[in-house]
Structures are given as C-alpha cells and as structure tokens.
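For reference, the chains in residue letters:
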Amino acid sequence: ARQLDRPDMDPNLYQGNTIFRNQPSYKVFNKSFEHVDDSLYTFLNEVDPEVLRLELKEPSDVFTSFKCNTAPKDPRTNEVPRTSVCDHTTSRAEPRYSFPNPQGLFSELNLKQQAACMRVLLAWQQSATVAEDDFVVWHATEKKRGNEQQLVQKHIHDYEHTQREVLYVPMKRLVTIYGQLYELSSKKLMKKYANESYVTFSGLPQLSQCKSLNSQTVSIEEVELERVVGRIRMWPGLELRNDSVMRNLNVRLSRYSGKKLKDSPTLLRDEEKNQETQGVNVVVLPLDSLLMLITSGSYVDVPAEMFVDIGKPSSAGHKCIEFHTPFPARNCGWHTNNLVLKQAYEAYISQPGQAEWLNFEPKGATSQVSDFSNSEVKTSSINLQMNYLPLALDEFSSDIVDTSSNTALVSWCLRCKGNNGEEIRELQIFSTLSVAAMIDEHQPLGCHTIKMENKPDCGCEIMSKYELISAWLQLKLLQADIGHCTRISLRDFEPMLEEKLTLIALEQQLHDYYNTSMPQLMSNLYEFLQLLGTVPAGKFLLRYSPKYKDRFLLCQATKEATAQSFQLHQLLTESPPTDLNFLTQSSYLPISPTLCGRLHEELHLLPCAFPAKANGKAVKRRETALLRPEPTSRVLPRRQPVPKGKPPAQRENFRRICKTAQKRRARGRKIAAAKEEKMQLDKFMSL
C-alpha cells in the first residue's frame, strides 16, 4: 500500500525493476551447448580463414594429381578428357530424359489407357489409321486428360520458373556465337550505309492497330514463282534421328556457324518495277521484312529496324514501296538460337558428299550438281611438309566449302473486296525468300524449320507465333502442301521429333494458342501499306521501340545532329547482343499435348500427363482445395420449425421441400468452387 501511494509509480504501467528491462526472454539463455545459436558453440567451432584455406588446398592438390585407370582416355593425348559431349560407353537403350516429378504425382490414367492414347497420337503424327479400340479409349478418357493437362501445364510452368537459369545454361555458347554473327552483319551494314543522324519523321500504327472502318475481306491471290537462282538441296526424306549430323554440329558448332553468307542477288529489275507501277501500286517486301511488320513487339529477340524506300508517283499515279532486309536482332532468345543452329546446319550440309543439289541458273535452266567427294580433290591449302600440330575442333578452317544458298522471287497480289464481293483495289507485292529443299525437280518443300527444345525433359513445346507465321507464309508463297520442322534438344543437340507442317494445322495452332487469324492479319497488312503509301517520297528508317508499343517510328536522315537524333553506326554498335532481357522476361512456351517426341517414346509417357503407376492402377485425384475468403459476421436465419399441428402428410411434404432446398444450395456451392478452380487454372494456361 505504501508503494501504491508513490506518485511516480502507476500500477497499470509498472514493468518491474529497471535492471530487467529491455532484456531478451529466458529462452535465449536456456539453450544447450550443442545448439548452433549458442555463443559458446559458435566460439568453439569458429574456423580461422587462414586455416580453412590451407585445409582446402590439400584435397585440391590430391584430386588434381589423381589418375583413374578405368576412365576412358583420349587416344590423341592419352589423358582423361575434362568434359564429354556424348558418352557411347553406356547403353543407348537407357532413357536419357526424365520427367521432373519431385512430388511423386501420378496420372489418373492407368498404363493401358496411356498406351492407347499414345498410339492414337502417334498414328495421327504418322498419318496412319487409328485403331478403333484405341479411339474408344481416347474418347472415354477425354475429360480426365483435359483436367490433367491443366495440372501438368501448371506443374511445368512452376518448374521452368524455378529452374530457368539452369535450363538455359546451354544457351551461353549460342549467345557467344550469335555475338560474332552480329558483329559481321554490323560491319557489312556500316560499309553499305553512311553514318548519318536520324530523327523521327512520323509515327505509324502497328498492324494490330490497323483496322478498317468498313467491313472488307483481304486475300492472297495470284501467287506465282517468278524465278529461282542458286543451289537447292534435294529432300532426302530421312529423319535426323538416325543421322550423326547434330552430334557433329554439337562439337563443331562455332566452326560451321562462322561462315559468311553470300549477298542475295537482285532478282527484280528496275524495268519490271516501272512497268508494274503503271497499273497498280507495287510493294517489294522480303519475307524477313514481312515477319518484322507482323510480329514486332511480340518477342525481344526479333529484328526491330529496317530501311524503307518510298518512290515517287508514276505517270499513272502509283507508287513503289521497297522494304530492305531488316537489321539483325540486338537481343538473344529462342529465335536467335534457332538461327545459329540453322545456319550451322546449312553450312554442314553444303560440304561435299552430304547432300544432292539442283542448280538453278538465272535464265531458268536446271542442272544436277555432281558430288564433289567423288571428283578430283583440289589442292589443299595445308602445307603437308610442315610439322603436325593438332588444332582445336572449333577452329576456323579455310578448307570448308561455302554455304550453298538460293533466292526465290515470288509475286502475289493482296486483293481487297467489299461486302458484296466487288473488288475495291489491290496491291502487287514481290517477295524474296529461300527454298529449303526440293521434293522433286518441280515440287519445292514448303519449309524446313529447326526449333530448339528448351525443356526436353518435359516434352515438345508449342511453336512461337513468329515460327508459326513464318512457316505459314512460306507454305503459302511457295504453294506447297507440306513443310517440315526438326525439333532439337538445347541440352545435347539430340533430335527430339520430326514434325510435318500443313497450312490447316498451322492456322489451327495460331487460332488456339495465340487467338490469331491470318485473314485478319492480311487485312491489317493491307491497311498499313495503304497508310504508308500516303507518306511523301524518300528514304526512311522504320524501327520499333519498346517505349511506343503500339506504333512504328518512321525516321529520316538529318544533316544536323540534335538532342532527339541518333547515329546509325552508334545504333548498331552501342551494345553487344545478350540474353539478359530474355531471361528477365516472363516468356514461356507451354508443352504441346498432341506431339509425342523422344521423351514420350522412351518413358512411355503420354504428353501433358503425369507418369502412370507401376502396378497399372489409376489414381483418383481429389479436387484441389481452394482458398476461401473468411466468413463475415452475419446473423444466421433461424430454421423454421416443423408445424406439429398439421397432419403427417403435410409434415412429410414440408420436410421434403426443406431437403430439396438444402441439396440445391449444396450443389450451388460445388459448382461455384469448380468454377473458381477452373479460373485459377486458366490463368496458367494463358501465360
């Protein structure tokens, strides 16, 4: 009582003696000596950095001097190789890929059901007849497969998000090689174009923003192959899986990818341009330039600049717009990796004895090229009298034959029609592209695309929008029925799948995966070219900048440099190409549920499905528990009492009505939970 009378001590705020204030809890001191956070344990186990350095040095010396008698040695140096590209000592029948499944999840389909669905997909890939029993199983398991595909897509998306840096480690050497190719292309452009200053002249909307006010239909008509110059490979029709081409390229990639490509010859003469402009507007649009107009802004590793020449109107009032080849992309990614491998593959195939070729003369004559491997050997550039010195495998050799190339000129008409089918106007377009191969002397192969598989342990990815549109345009312009896509693993350059491409399949994939319609794209292209035709005559630089995502910048050369201008050579050399922007972006390609590659055949795994149990039984997966919001405080309605004064029949009827209402409410809650689960899974499918 005497303490409570003190004015400086409030019983509500009294905290004890001051010596015990601001001290940690007794639990901090109540620890054993073996606890890692104990001060005595830390002091006793503290390691001196100098002692640690000496301790680590001794094992390192031991392991560097260690020799393994059982390890395979290189016969040239009689030493154990540091790294191996391909190990032939192990059995080829063993699976080289494993599906990432650390949680140990299993499929809702048993082994027999997965095998039947696999046979259906393989029959569709090979254009074979599907067995009736397998198709019955395919149709019966459609709902289960659809639900499991969404779960697997989410599982693979999370796997790539966490393992992104590990998955793209093999991409480093492709980035280095592309940097060398970019440097060669930049030097060629700097020799061709002067170092002028450019300033923005005007802005043009991108193709996605070019929509006509009037309902109209634009179609590609009157496609004709005018002429082909160069050598075209005869299509062997054999799969690369049984070939050692990619294994050789895996070792000698930089050797073959460093070959300089020849400049494409000019196939469209000025007299032909002037003659065509007398009746209609003419557009010279190479395939790469057309792809840049359509896909700019979709990916970071696609070209973003090209020169455009707008001619003066002819006597009939028509113009000629000529697009030049785009500048190389300044960022690395999926498409630059494919470009490096494709260029190395073309250089390797061009070597003597690798393929048969058809030579197309400028006047239209066709002749078959003889095999240089059987002809007389030319004088080698190597001095045979000098001392032998082994060279690195990837070192440049002057004895590599130049890459065989060709250029085809295709004329086509972009025709616009109104609602009633009447023709409004048209554009005459000339496009240049290369022919991948010839099936026979008169039928070209639509395209041959090489696609790198970034997640070979997960399956075959869908093609990007750029790849799909490129394949569609090549098939359309060459009037071919079929194309080819070779899928190669990024990790070890092993062929994963040989895929056939058709126009219908490509259009379906564009619609399903990217919500893109090619007739709508052609309509947008027509509106863009009409708008570009209103620009005054001159030479311009058309470029895309991420700052202005919905428009192109039309730049013009200026005599005096200003604060807003930039120099052409500085634009090409200001920063070397890297994969930093690609790795930091959330770019993702889902796994295709209809393509069975090497992974699925080796593991007997259905695409976009978890592994089946070894005992053959299916797994009944429970519904995913969804996070529900916390219930708000509300007054629950009182249950209506059963009237006791009524007859038994009326009381039974009242109970039945209440039971029916209760079931209806429970069914509504289940439907709402299923919709919420589907919405969350769709978020991952739309990435």
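Here, residues in each chain are numbered from 1, in the same order as that chain's written sequence. At least 70 in pLDDT is required for a residue's local features to be given in this predicted model, at least 80 for side-chain atom pairs to be given and counted, and no such filter applies to totals for whole chains, interfaces and linings, which use all residues. Neither water nor hydrogens contribute to the side-chain values; these are computed over all heavy atoms in the structure.

Student: What is the right way to read the pairing of strand 5 (residues 320-323) from this model?
Tutor: In regular strands, side chains alternate between the two faces of the sheet. In this scheme, strands are said to pair when DSSP sees at least two bridges between them. A run of H or I in DSSP becomes a helix once it reaches four residues, and a run of E becomes a strand once it reaches two; helices and strands are each numbered from the N terminus. By the bridge criterion, three bridges tie strand 3 (residues 281-284) to strand 5 in an arrangement that is parallel. Each bridged residue has a counterpart across the sheet, and for Val283 the counterpart in strand 5 is Ile321. Relative to strand 5, strand 4 (residues 305-310) runs antiparallel, the two sharing three bridges. Its bridge partner being in strand 5, Asp309 is matched across the sheet by Glu322.

Student: How should I be thinking about helix 15 (residues 503-514) in this particular structure?
Tutor: Residue pairs spaced three or four apart in an α-helix point in one direction, given the helix's 3.6 residues per turn. The length a helix should cover is 1.5 Å for every residue beyond the first. For helix 15, with 12 residues, the first-to-last C-alpha span of 16 Å sits near the 16 Å given by 1.5 Å per residue. Each residue is placed in one exposure class: buried if its accessible area under a 1.4 Å probe, protein chains only, is under 20% of its type's maximum, exposed if it is over 50%, and partly exposed if it falls in between. Regarding helix 15, the residues found buried are Leu506, Gln509 and Leu510. The buried residues of helix 15 occupy an angular sector of 100 degrees when the element is viewed end-on, so they sit on one face. Whether two residues are in contact is decided by their heavy atoms, any of which lying within 4.5 Å being enough. Buried residues in helix 15 make contact with helix 14 (465-478), strand 12 (495-501) and helix 16 (518-532). Looking one or two residues beyond helix 15, the residue adopting positive phi is Asn515, at roughly 50 degrees. Note that the arc is computed from the directions linking the helix axis to the C-beta atoms.

Student: Which parts of the structure should I look at to understand the packing of aromatic side chains?
Tutor: We describe a pair of aromatic rings using the distance from one ring centre to the other and the angle between the two ring planes. Each Phe, Tyr or Trp ring (for Trp, its six-membered ring) is paired with any other whose centre lies within 6.5 Å, and the angle between the two planes then decides the class: stacked below 30 degrees, edge-to-face above 60, tilted in between. Overall, the coordinates contain 12 aromatic pairs when judged by the stated rule. Ring geometry for Phe99 and Phe610: centres 6.4 Å apart, planes at 85 degrees, overall edge-to-face. Placement of Phe99 in the loop between helix 3 (49-64) and helix 4 (111-125) and of Phe610 in the loop between helix 19 (598-603) and helix 20 (648-685) is noted, with a sequence separation of 511 residues between them. Each member of the pair, Phe99 as well as Phe610, carries the same accessibility label: buried. One aromatic cluster in this structure is built from Tyr193, Tyr198, Phe307, Phe327 and Phe566.

Student: Explain a positive patch on the surface to me, please; I cannot follow it from the model alone.
Tutor: For patches, a residue must show more than 30% relative accessible area and have no salt bridge; joins then use 9 Å for like charges and 5 Å for nonpolar side chains, namely Val, Leu, Ile, Met, Phe, Trp and Tyr. Calculation of accessible area relied on Shrake-Rupley with a 1.4 Å probe; when residues are assessed, cover is drawn exclusively from the protein chains displayed. Any Lys or Arg side-chain nitrogen located within 4 Å of an Asp or Glu carboxyl oxygen qualifies as a salt bridge. The charged-residue count follows a simple rule in which Lys and Arg add positive charge and Asp and Glu add negative charge, with His and chain termini not counted at all. To locate a charge, the coordinates of NZ of Lys, CZ of Arg, CG of Asp or CD of Glu are taken. The grouping of Lys659, Lys663, Arg664, Arg665, Arg667, Arg669 and Lys670 at the surface amounts to a positive patch. Structurally, Lys670 can be placed in helix 20. For Lys670, a relative accessible area of 64% gives the class exposed.

Student: How should the confidence of the model for the chain be read in this particular structure?
Tutor: Should pLDDT be low for a region, the predicted coordinates there are not to be read in detail. On average, the chain scores 79 in pLDDT, and the residues at 70 or more come to 74%. pLDDT: the predictor's confidence for each residue, scored from 0 to 100. Within the chain, the element-level pLDDT minimum falls on helix 3, averaging 54, and the maximum on helix 14, averaging 94. Across residues 59-68, where pLDDT falls below 50, the model places two contacts with residues more than four positions away in sequence or in other chains. Long-range and interchain partners of residues 622-637, a stretch whose pLDDT sits below 50, account for six contacts in this model, where long-range means more than four residues apart.

Student: Before we go on, may I ask you to explain helix 13 (residues 334-349) in this structure?
Tutor: Across its 16 residues, helix 13 extends 23 Å between first and last C-alpha, which sits within 8% of the 22 Å expected from 1.5 Å per residue. Among the 16 residues in helix 13, 13 count as buried, and that is most of the element.

Student: Sorry, what's going on with the packing of helix 14 against helix 15 here?
Tutor: A packed helix pair is summarised by two numbers, namely the angle formed by the two axes and the spacing between the axes. Running from N to C, helix 14 and helix 15 cross one another at 155 degrees; their axes reach a closest spacing of 10 Å. Regarding the angle of helix 14 to helix 15, the classification is roughly antiparallel. When you trace helix 14 past helix 15, the crossing you get is left-handed. Contact residues: Lys465, Leu468, Ile469, Ala471, Trp472, Leu475 and Lys476 in helix 14; Leu503, Leu506, Glu507, Gln509, Leu510 and Tyr514 in helix 15. What counts as an axis is a line fitted to C-alpha atoms, over the stretch in contact for a helix, and the angles between N-to-C directions run from 0 to 180 degrees. Here the word oblique covers every angle except those under 35 degrees (roughly parallel), over 145 (roughly antiparallel) and from 65 to 115 (roughly perpendicular). Handedness of a crossing follows from how the near helix is turned relative to the far one, being left-handed for an anticlockwise turn of less than a right angle and right-handed for a clockwise one.

Student: Help me understand the pairing of strand 4, please; the structure alone is not making it clear to me.
Tutor: Of all six residues in strand 4, six are buried, a share of seventy percent or more. Residues Glu305, Phe307 and Asp309 point to one face of strand 4 and Met306, Val308 and Ile310 to the other, with burial holding for every one of them. Bridge analysis of strand 4 against strand 13 (residues 538-543) gives six bridges, and the strand direction is antiparallel. Within the sheet, the bridge partner assigned to Phe307 lies in strand 13 and is Leu541.

Student: Honestly, the environment of Gln428 in this entry has me stumped. Any pointers?
Tutor: Within the secondary structure, Gln428 is located in strand 9 (residues 423-433). Relative accessible area serves as the criterion here: at 13%, Gln428 is assigned to the buried category. Those residues in contact with Gln428 that lie beyond four places of it in its chain are Glu276, Val280, Asn281, Val282, Val283, Ser411, Trp412 and Cys413.

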